[in-house]
Amino acid sequence: MKQLFAFVILLVIIGIAGFAYRATVEAPSHATNTAPGTTACPTDAKVCPDGTSVARSGTSCQFAACTLPNIEIPEAGLSFVLPQAFTTDENAYGAEPTLIGAFQKSPIVSTTSVPDSIIVRRYPIPTGRDANAVMLSQTTYESSGIQPKAMTEFKPVIINGKTYQMIVVERFEAMVHVEYYLPRQNDVLRFEGIQHDVKNWTDPALNVRSLSTIAALETMLGTVQSNEPGN
């Protein structure tokens, strides 16, 4: 009888030892790989305009910034892929509060030429007005100083599912300036393409959208991610 009792006690001891072993050896496989003192961030990813992705990091688990050629303008809820050969024009900032992005491409042939430009502006929609009123008031034909009288002077252009209102505001002395407006709920974004050294700028049949800088701008517009702040 004593031998049977001792055998039962032995089985209980072996069971307790086995449970303790599993708790100390197997349990870590179910834990996170987070080091002591760090934050375990969600594993979701943010897709950048160029198709790459970034993860969350840091104590606040914010998404890392997308790297070039991606451009992010958080205050406008805007991001896009900057066209090749364009760089940020740091000298353009500070002069105009509506200016949120300025980029330029150095001339390929002549060092005396003015660089082509891509400019991004943001206009709030005042209370009691709409996006059309803002577009009309912010557009000026540069040679004459006259503003368009109706939205029929703009051309709707659909790029990657977004409808932009396009207008040519300047064709003068080998320079072509085109503007693309993107209306949102509370503001209007304006994307400008300015190309210099256009040899056939006087040709009535010139398709300005085929010019290299304007075409590059349209390619950029196809990558736009727009998430208006506050919405």
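For the structure itself, look to the data block above.
Chains are numbered independently. Their residues run from 1 in the order of the written sequence. Only residues with pLDDT of at least 70 get local features here, since the model is predicted, and only at 80 or more are side-chain atom pairs given and counted; chain-wide, interface and lining totals rely on the full set of residues. Water and hydrogen atoms were dropped before computing side-chain values, which therefore reflect all heavy atoms in the structure.

Digging into the overall build of the protein
Okay, so step 1: Counting from the N terminus, the helices are DSSP H or I runs at least four residues long and the strands are E runs at least two residues long. Per the secondary structure count, the protein includes three helices and 13 strands.
Okay, so step 2: Each residue's exposure class comes from its accessible area (1.4 Å probe, protein chains only) as a fraction of the maximum for that residue type: buried when under 20%, exposed when over 50%, partly exposed otherwise. Taking all 231 residues of the protein together, 36% fall into the buried category.
Okay, so step 3: Only heavy atoms matter for contacts: two residues are in contact if any of them lie within 4.5 Å across the pair. Within the protein, contacts between residues separated by at least 24 positions form 44% of all contacts whose residues are at least 6 apart in sequence.

Re the sheet that holds strand 4 (residues 70-73)
Okay, so step 1: One open sheet holds the three strands; their spatial order is 4-5-13, and the pairing between them is antiparallel. Bordering the open sheet on either side are strand 4 and strand 13 (225-226), each of which pairs with just one other strand.
Okay, so step 2: Taken together, the two bridges between strand 5 (residues 78-81) and strand 13 define a ladder with antiparallel strand orientation. Residue pairing for strand 13: Leu78 is matched across the bridge by Ser226. Any two strands with at least two DSSP-identified bridges between them are counted as paired.

A look at the sheet that holds strand 3 (residues 62-63)
Okay, so step 1: With antiparallel pairing, three strands are arranged side by side in an open sheet as 1-2-3. Two strands bound the open sheet, and with one partner strand each, they are strand 1 (45-47) and strand 3.
Okay, so step 2: Strand direction decides the pairing type here: strand 2 (residues 53-57) and strand 3, joined by two bridges, are antiparallel. From the neighbouring strand, Arg56 faces strand 3, where its bridge partner is Phe63.

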